[in-house]
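Coordinates in review
Each chain is listed here by its residues.
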Amino acid sequence: TAGAALFGRQAAIAATPPLAGGIVAALMMSEAAKAKGLMAISVLALVMYVMQGFAGYPLTAVCLRKEGQRLLDLYHHHGGKEQARANAQTAATSKNDARWRIFPATPPEYQTTFVLLAKLAVVAWVAVWAAGLTKNAVSPFVVCLLAGVAAAETGFIERRPLNLSGSFGWLMLSLMAYVFTGFSQATPAMLGQIVVPLVGIIILGVAGMALFSTFLGTRLGFTKEMALAVTLTALYGFPPNYILTEEAAKALAETPEEKEFLMNEMLPQMLVGGFTT
């Protein structure tokens, strides 16, 4: 509401989904604006996705560092070591297991790049086909996300298949290249036109996230630092949420056990936050 009043309804509507959602939301919003001939608004959606991380990364790093220091205090002085051992044993038995396995596990010798990517391709094809049955009333991107969760939980695909296949970095590079093709229509005048709404909506959005997460998160058992860190995953999603958490744990921990404790405590919340937003 404030963004529409200050910067116009079109700019506020186009900038909000990337701010709250990430790369998929940015692509959907940009394509919708382009279809209506709103080129400046289409570029705004993509620039919002690229630039919002500059607000999200440093704020998240500060929040995770403060939360990590609090957790290390618990670890050393309030029985955290015993809890850490219990959590590690639970994680070791369940982290790679499918919850409702109906497909047999693929033997390690057959978990090649080609097999892993072929199984992902099957899941993606089924998802896009299912979205087509609704005439894409539900976005294929959304159906792909749901299909990926279902395929992992039933054991059809492995956990982190892109990492297992050694394809994660290459595919992320390809995806970012696709995003940047959206800037081909941008001109200096167009970028000058969107810079004020861009900065203003990021400031409004982050301020709203901070206020709401502090109010609601503490009532759900989060510290205000962890609540804000989880909320800020909306600005960048995966993999930055993983990288930021690992860097915070690495900077604070003095032993491998401390790092593992911090990762076990903070990473699940950050990952779930990233996927949810």
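Residues numbered from 1 in each chain as written. Predicted model: local features only at pLDDT ≥ 70, side-chain atom pairs only at ≥ 80, totals over all residues. Heavy atoms only, no water.

1. Overview of the overall build of the protein
Operational definition: Secondary structure is summarised from DSSP: a helix means a run of H or I of at least four residues, a strand means a run of E of at least two, and numbering begins at the N terminus for each. Radius of gyration here is computed from C-alpha atoms only, and the compact-globule reference equals 2.2 Å multiplied by the residue count raised to the power 0.38. The buried label applies to any residue whose accessible area, calculated with a 1.4 Å probe on protein chains only, is under 20% of its type's maximum; exposed applies above 50%, and partly exposed to all values in between. Contact between two residues is taken to exist if any of their heavy atoms lie within 4.5 Å; hydrogens are not considered. Only the protein chains shown count as cover for residues, with accessible areas throughout obtained via the Shrake-Rupley method and a probe of 1.4 Å.
From N to C terminus, the protein includes 13 helices and 0 strands. Starting at the N terminus and walking to the C terminus, you meet the elements of the protein as α-α-α-α-α-α-α-α-α-α-α-α-α. The C-alpha radius of gyration computed for the protein amounts to 21 Å, which stays within 12% of the reference 19 Å derived for 277 residues, consistent with globular compactness. Reported as C-alpha extents along the three principal axes, the dimensions of the protein are approximately 60 × 45 × 30 Å. Considering the protein as a whole, with its 277 residues, one finds that 38% of them fall into the buried category. Here the contacts in the protein between residues at least 6 apart in sequence split such that 76% fall between residues at least 24 apart. For the protein, the computed accessible surface area is about 15700 Å², with 68% contributed by carbon and sulfur atoms.

2. Quick notes on the pattern of salt bridges
As a reminder of what qualifies: Any carboxyl oxygen of Asp or Glu within 4 Å of a side-chain nitrogen of Lys or Arg constitutes a salt bridge here.
All chains considered together, the criterion is met by 6 salt bridges. For Lys 119, the salt bridge goes to Glu 158, with nearest N and O atoms at 2.9 Å. In this pair, Lys 119 sits in helix α6 (residues 113–133) while Glu 158 sits in the loop between α7 (140–153) and α8 (161–164), placing the two residues 39 residues apart along the sequence. When sorted by exposure, Lys 119 lands in the same class as Glu 158, which is buried.

3. Focus: the confidence of the model for the protein
Regions with low pLDDT should not have their predicted coordinates read in detail. We apply this condition: One number per residue, pLDDT, summarises how confident the predictor is, and it ranges from 0 to 100.
Chain-level pLDDT for the protein is 86 on average; 92% of the residues reach the 70-or-more range. Here helix α5 (residues 80–94) stands out as the least confident element of the protein, with mean pLDDT 55; α6 is the most confident, with 95.

4. Here we look at the packing of helix α4 (residues 39–77) against helix α13 (residues 256–276)
Keep this limit in mind: Axis lines are fitted to C-alpha atoms, over the contacting stretch for helices. Their N-to-C directions set the angle, which ranges from 0 to 180 degrees. Under this scheme an angle from 65 to 115 degrees is roughly perpendicular, one under 35 degrees roughly parallel, and one over 145 degrees roughly antiparallel; angles in between are oblique. Crossing handedness is defined as follows: a turn of the near helix away from the far one that is anticlockwise and smaller than a right angle gives a left-handed crossing, while the clockwise case is right-handed. Polar here means any residue other than Ala, Val, Leu, Ile, Met, Phe, Trp, Tyr, Cys and Pro, which are nonpolar, and Asp, Glu, Lys and Arg, which are charged; Gly is therefore polar.
Interhelical geometry of α4 versus α13 gives an angle of 130° and a closest axis separation of 10 Å. On the basis of the axis angle, α4 is oblique to α13. Remark: the crossing between α4 and α13 carries right-handed chirality. Two secondary-structure elements touch here, α4 through Thr 60, Leu 64, Glu 67, Gly 68, Leu 71, Leu 72, Tyr 75 and His 76 and α13 through Glu 257, Glu 258, Phe 261, Leu 262, Glu 265, Met 266 and Met 270. Its residues placed into classes, the contact of α4 with α13 shows 8 nonpolar, 3 polar and 4 charged.

5. Quick look at the nonpolar core
Put simply, the rule is: Side-chain atoms within 4.5 Å link the members of a nonpolar core, which is a set of buried Ala, Val, Leu, Ile, Met, Phe, Trp, Tyr and Cys residues.
Ranked by size, the top nonpolar core spans 44 residues in total, and within it Leu 19, Met 48, Leu 64, Leu 232, Leu 235, Leu 262 and Met 270 carry the most contacts. Where this core is concerned, the elements lending two or more residues are α2 (9–21), α3 (23–35), α4, α10 (188–217), α11 (224–232), α12 (240–252) and α13. For this core, the leading source of residues is α4, giving 12 residues. In this structure, Leu 19 is in contact with Met 48, Gln 52, Ile 201, Ile 202, Gly 205, Met 209, Ala 234 and Leu 235, ignoring residues within four places of it in sequence. Formed by 8 residues, the second largest nonpolar core is a distinct cluster that contains Val 123, Ala 127, Ala 131 and Ala 147.

6. Some words on the side chain of Ser 42
With respect to the secondary-structure elements, Ser 42 resides in helix α4. Here Ser 42 is in contact with Ser 30, Ala 33 and Lys 34, once residues within four sequence places are set aside.

7. Quick look at the packing of aromatic side chains
This is how the line gets drawn: The criterion for an aromatic pair is that two Phe, Tyr or Trp rings (for Trp, the six-membered ring) have centres within 6.5 Å, with stacked assigned to planes under 30 degrees apart, edge-to-face to planes over 60 apart and tilted to the rest. Counted as over-ring charges are cases with an Arg CZ or a Lys NZ within 6 Å of the ring centre that also lie within 35 degrees of the ring normal.
Counted according to the given criterion, the structure contains 3 aromatic pairs. Where Tyr 57 meets Tyr 236, the ring centres are 5.4 Å apart and the plane angle is 40°; that geometry is what we call tilted. Within this pair, whereas Tyr 57 is found in helix α4, its partner Tyr 236 is found in the loop between α11 and α12, the two being separated by 179 residues in sequence. Overall, the relative accessible area of 36% leaves Tyr 57 in the partly exposed class. A relative accessible area of 5% means that Tyr 236 is categorised as buried. Over the ring of Phe 156 we find Lys 119; its NZ or CZ atom is 5.9 Å from the centre of that ring.

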